[in-house]
Amino acid sequence: MAAPKKGRGPSGGQGRPGRALALILIAMVALTGGMFLSGHTTPRLGIDLAGGTSITLKAKSQPGKPDAINPTNMDTAVSIIERRVNGLGVSEAEVQTQGRDNIIVNIPKGTNSKQAREQVGTTAQLYFRPVLTVTAGQATPTDAASPSASGSAKPSASPSDKETASGSKATPSAGATTQGRAVTGALTKDTSPSPSASASGTPKASASPSASVDPATAELQKRFAALDCSTKAGRAKAGTNAKPTDTTIACSSEGDAKYVLGPAEVSGTDVDSAKATIDQQRGMWIVQMDFTDKGSKKFQQITSKLSQQQSPMNQFAIALDGEVVSAPQVNETLSGSAEISGSFTQQSAQDLANVLSYGALPLSFDEDTVTTVTAALGGEQLQAGLIAGAIGLALVVIYLVAYYRGLAFIALLSLLVSGVLTYTLMSLLGPAIGFALNLPAVCGAIVAIGITADSFIVYFERIRDEIRDGRTLRPAVERAWPRARRTILVSDFVSFLAAAVLFIVTVGKVQGFAFTLGLTTLLDVVVVFLFTKPVMTLMARTKFFSGGHPWSGLDPKRLGAKPPLRRTRRVNAPTDPKEA
């Protein structure tokens with residue numbers, strides 16, 4: 001008995017089209033439901049469609065660096081600012097130079113413009129400086145003793161205002177303040193001091209300054225006494241134009257303390273990485289910093305010296321752009337890494353980590369202008385883009401109906417499914433990854449109509465070729481699919497590859513076109529495999545299509561089909577029986 005021939009059984013959507021249709025239906029319901037539940041029912045629009053914030057930054061010269069403003073440094077600053085803004089989840093920001101010393105930053109509507117303004121122009125000059133003196137943040141009356149830079153002025157603080165760490169564990173007290181603090185290893189944080197005041201409210205100094213001081217020290221004492229950190233203007237003036245090698249004055253970030261700081265021992269470039277994370281044990285947000293090999297050695301040397309000093313000269317100020325973010329005490333030698341903790345919110349911890357991670361700008365910038373950009377191209381351009389898309393879709397529909405007739409119904413259903421998936425994904429990707437729909441992205445979506453329609457045409461033509469060869473519809477649908485599938489995959493792979501390369505090598509708005517093109521190309525594969533092919537399989541079982549109705553688009557007569565292929569049973573020729 002002859003063994004039966006092994007053939008390929010129907011696979012996936014070919015044998016059980018209902019499963020594929022159920023899968024894509026579930027995906028559509030899930031995406032649509034997620035869109036409505038998240039409250040983001042429309043795609044996020046770019047600045048050219050919805051307006052936004054435009055910030056003009058003007059580079060300023062730094063002392064001792066007359067040639068700092070040059071094309072190389074400006075391009076570096078543009079790159080860093082762009083990474084910072086993208087770190088906020090803004091993928092549609094435009095950062096570009098204008099003239100010799102200006103940088104224009106356009107941030108789309110829907111982004112936290114205040115947060116972005118704080119990020120884009122921040123110079124992020126991070127220095128670790130030893131603390132020489134610390135007092136309350138208010139200006140010292142002229143009749144009071146001015147603290148000397150030797151650190152003899154030492155305000156007292158109540159025990160409840162201190163936080164101590166020993167070994168690798170920290171136990172925060174209930175009196176923790178809003179000032180950030182580093183508690184890695186054996187760092188003990190003196191929070192904002194509460195100086196014991198005399199009747200006149202003057203901080204008490206343990207010793208008066210020496211009568212014989214050099215003019216530079218006297219000037220520093222005068223500026224320190226006059227410094228009022230309780231005002232924003234006072235904090236902005238503290239330590240202006242101070243070099244890393246200078247002894248300087250600074251305010252705490254909250255303005256409740258002022259410091260005399262020694263020359264910088266470790267700089268921000270010695271920080272290898274920084275990230276915001278939540279400390280599960282203490283239930284608080286912290287910023288973890290890792291130092292480079294060179295920075296680790298510097299950090300070890302300075303903490304070794306500071307651990308032998310008395311308070312406040314054993315404190316280590318972490319000064320970010322002239323403001324003391326944290327001033328921990330050092331009890332033993334540390335190296336390698338550190339963490340900044342305190343009353344951080346998730347946002348403030350991520351902001352600090354973002355600035356530290358993306359590095360310092362090579363130049364200092366002032367905000368020249370901050371304006372709200374109306375949608376200059378906005379409504380009119382969006383309307384024009386939608387009209388262009390509608391015209392393109394209408395032409396595709398007219399062509400499909402005129403040429404493919406009944407098959408146009410399957411094509412239009414597939415386009416509808418593709419449109420629903422594209423719209424819901426764009427709406428969800430806005431809050432998820434900061435995707436913003438701009439004019440080039442609209443163009444990419446319009447081009448995608450042609451790419452998707454091309455996949456249907458390839459499949460339909462393969463089916464027609466099989467019918468022309470004399471096969472009936474149901475075998476034609478299954479035999480045409482492997483060939484069409486191969487062609488569709490190759491075509492979509494080329495389109496996706498082009499979109500990926502374009503996305504990698506370009507910046508700004510062109511990336512929106514590439515991203516949309518790549519997204520819709522992937523969706524085309526999903527729709528053709530999980531919807532178009534299963535629907536075609538089901539339609540081939542209906543009388544309208546299988547019977548070759550003139551309006552089905554599969555009429556054998558109109559296609560010039562050959563006579564049907566018929567399999568006939570082979571008749572063996574009679575043979576004479578052999579004699580025994």
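Residues numbered from 1 in each chain as written. Predicted model: local features only at pLDDT ≥ 70, side-chain atom pairs only at ≥ 80, totals over all residues. Heavy atoms only, no water.

Colleague: Would you explain the overall build of the protein in this entry?
Modeller: Per the secondary structure count, the protein includes 15 helices and 18 strands. Expressed as a percentage of the 580 residues in the protein, the buried residues total 43%. Considering only residue pairs separated by 6 or more positions, the protein has 74% of its internal contacts joining residues 24 or more positions apart. For the protein, the exposed area adds up to about 29800 Å²; of that, 57% sits on carbon and sulfur atoms. (Helix = DSSP H or I, 4+ residues; strand = E, 2+ residues; numbered from the N terminus. Buried < 20%, exposed > 50% of the residue type's maximum accessible area, 1.4 Å probe, protein only. Contact = heavy atoms within 4.5 Å. Areas by Shrake-Rupley, 256 points an atom, 1.4 Å probe, with all protein chains shown as cover.)

Colleague: It is not clear to me how the confidence of the model for the protein should be interpreted in this structure. Could you clarify?
Modeller: Across the protein, the average pLDDT comes to 74, with 72% of residues at 70 or higher. Taken as a whole, residues 1-13 scores under 50 in pLDDT and shows 5 contacts with residues more than four places along the chain or in a different chain. Below a pLDDT of 50 lies the segment residues 143-211, which in the model reaches 150 contacts outside its immediate sequence neighbourhood of four places, other chains included. (pLDDT = per-residue confidence, 0-100.)

Colleague: Teacher, can you tell me more about helix 7 (residues 293-306) here?
Modeller: Three or four residues apart is the spacing at which side chains of an α-helix point the same way, because the helix has 3.6 residues per turn. When the terminal C-alpha atoms of helix 7 are compared, their 20 Å separation across 14 residues agrees well with the 20 Å that a helix rising 1.5 Å per residue should span. Along helix 7, the positions that sit buried rather than exposed are G295, S296, F299, I302, T303 and L306. Considered in projection along helix 7, the buried side chains sweep an arc of 140 degrees and stay on one side of the axis. Helix 7 presents D293, K294, K297, Q301 and K305 as exposed residues on the side facing more than 90 degrees away from its buried surface. (Expected span 1.5 Å × (residues − 1). Arc of directions from axis to C-beta.)

Colleague: Sorry if this is basic, but what is going on with the layout of surface pockets here?
Modeller: A water-sized probe, rolled over the atoms, reveals where empty space remains. Of the voids in this model, the second largest pocket is the one considered here, and its volume is about 700 Å³. G419, T422, A445, I446 and I449 are, among the 24 residues lining the second largest pocket, the residues nearest its centre. Those elements that place two or more of their residues in the lining of the second largest pocket are helix 9 (378-404), helix 10 (407-433) and helix 11 (439-468). Among the elements that make up the lining of the second largest pocket, the one with the highest residue count is helix 10 (8 residues). Residues belonging to the lining of the second largest pocket are distributed by class as follows: 17 nonpolar, 7 polar and no charged. (1 Å grid on protein atoms, 1.4 Å probe; cavity = no way out; pocket = protein on both sides within 12 Å on 5 of 7 lines; lining within 4 Å. Points joined across faces, edges and corners; volume = space filled by probe spheres on them. Nonpolar A, V, L, I, M, F, W, Y, C, P; charged D, E, K, R; others polar.)

Colleague: Which parts of the structure should I look at to understand the packing of helix 12 (residues 473-505) against helix 13 (residues 509-539)?
Modeller: Packed helices, taken two at a time, are described by the angle between their axes plus the distance between the axes. Where helix 12 meets helix 13, the axes come as close as 8 Å, and the angle between the chain directions of the two elements is 170 degrees. The angle between helix 12 and helix 13 falls in the class roughly antiparallel. Looking at side-chain class alone, the contact of helix 12 with helix 13 contains 18 nonpolar, 5 polar and 5 charged residues. (Axes fitted to C-alpha atoms, helices over the stretch in contact; angles between N-to-C directions. Parallel < 35°, antiparallel > 145°, perpendicular 65-115°, else oblique.)

Colleague: How do you make sense of the packing of aromatic side chains when you look at a structure like this?
Modeller: Each aromatic ring pair is summarised here by two numbers: the centre-to-centre distance and the angle between the ring planes. For the structure on display, the rule yields 12 aromatic pairs. For the pair Y399 and Y403, a centre-to-centre distance of 5.8 Å together with 10 degrees between the ring planes defines the contact as stacked. In this pair, Y399 and Y403 are both assigned in helix 9, 4 residues apart and thus about one turn of the helix distant. When its relative accessible area of 40% is taken as the criterion, Y399 is described as partly exposed. Between Y399 and Y404 the ring centres are 6.3 Å apart and the planes differ by 80 degrees, which places this aromatic pair in the edge-to-face class. (Phe/Tyr/Trp six-rings, centres within 6.5 Å; stacked < 30°, edge-to-face > 60°.)

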